[in-house]
Amino acid sequence: MSRVAKATLGASLLGSALVIWGVHFLQERERDTMFQGVLRDDERRREKMRQREEELQQSLQKRKMYERVQSVSKPADVPEGSQ
């Protein structure tokens, strides 16, 4: 095998190895970025649930306060035992 053929083969192998490494590196980085998105979504979901829980507690407090101030009667159109 001539020197030029060996150099071409070596350069081809090196180029292929660099391309494979580069693609692998990009895939790892993309996977990490996507995982960070999952973590952000989980945190956003937890925050939303916390806010909803706070709103529910406020609503329950308001209901108790209003029930103390106003009398609450059962609606006429609701049949017995449906609640």
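Here's a quick rundown of the structure. (Residues numbered from 1 in each chain as written. Predicted model: local features only at pLDDT ≥ 70, side-chain atom pairs only at ≥ 80, totals over all residues. Heavy atoms only, no water.)

Concerning a nonpolar patch on the surface
Here is the rule we go by: Exposure above 30% relative accessible area and the lack of any salt bridge qualify a residue for a patch; like charges then connect within 9 Å, and the nonpolar side chains Val, Leu, Ile, Met, Phe, Trp and Tyr within 5 Å. For the area figures, the Shrake-Rupley method with a 1.4 Å probe applies, and any residue is considered shielded solely by the protein chains shown. The rule for a salt bridge is simple: a side-chain nitrogen of Lys or Arg has to be within 4 Å of a carboxyl oxygen of Asp or Glu. Each helix is a run of H or I in the DSSP string that is no shorter than four residues. Each strand is a run of E no shorter than two, and both are numbered from the N terminus.
Together, Met1, Leu9 and Leu13 line one region of the surface with nonpolar side chains, adding up to about 350 Å² of accessible area. Mapped onto the fold, Leu9 is located in helix α1 (residues 3–69).

Here's the deal with the pattern of salt bridges
The cut-off we apply is this: Exposure categories follow from relative accessible area, calculated using a 1.4 Å probe and restricted to protein chains: below 20% of the type maximum is buried, above 50% is exposed, and the middle band is partly exposed.
Within this structure, the stated rule accounts for six salt bridges. For the salt bridge of Glu47 with Arg50, the shortest nitrogen-to-oxygen distance reads 2.4 Å. Placement of the pair is Glu47 and Arg50 together in helix α1, with a separation of three residues, close to one helical turn. Owing to a relative accessible area of 30%, Glu47 belongs among the partly exposed residues under this scheme. Residue class for Arg50 comes out partly exposed when judged on its relative accessible area of 39%. One salt bridge in this structure joins Arg50 and Glu54, with 2.2 Å as the shortest N-O distance.

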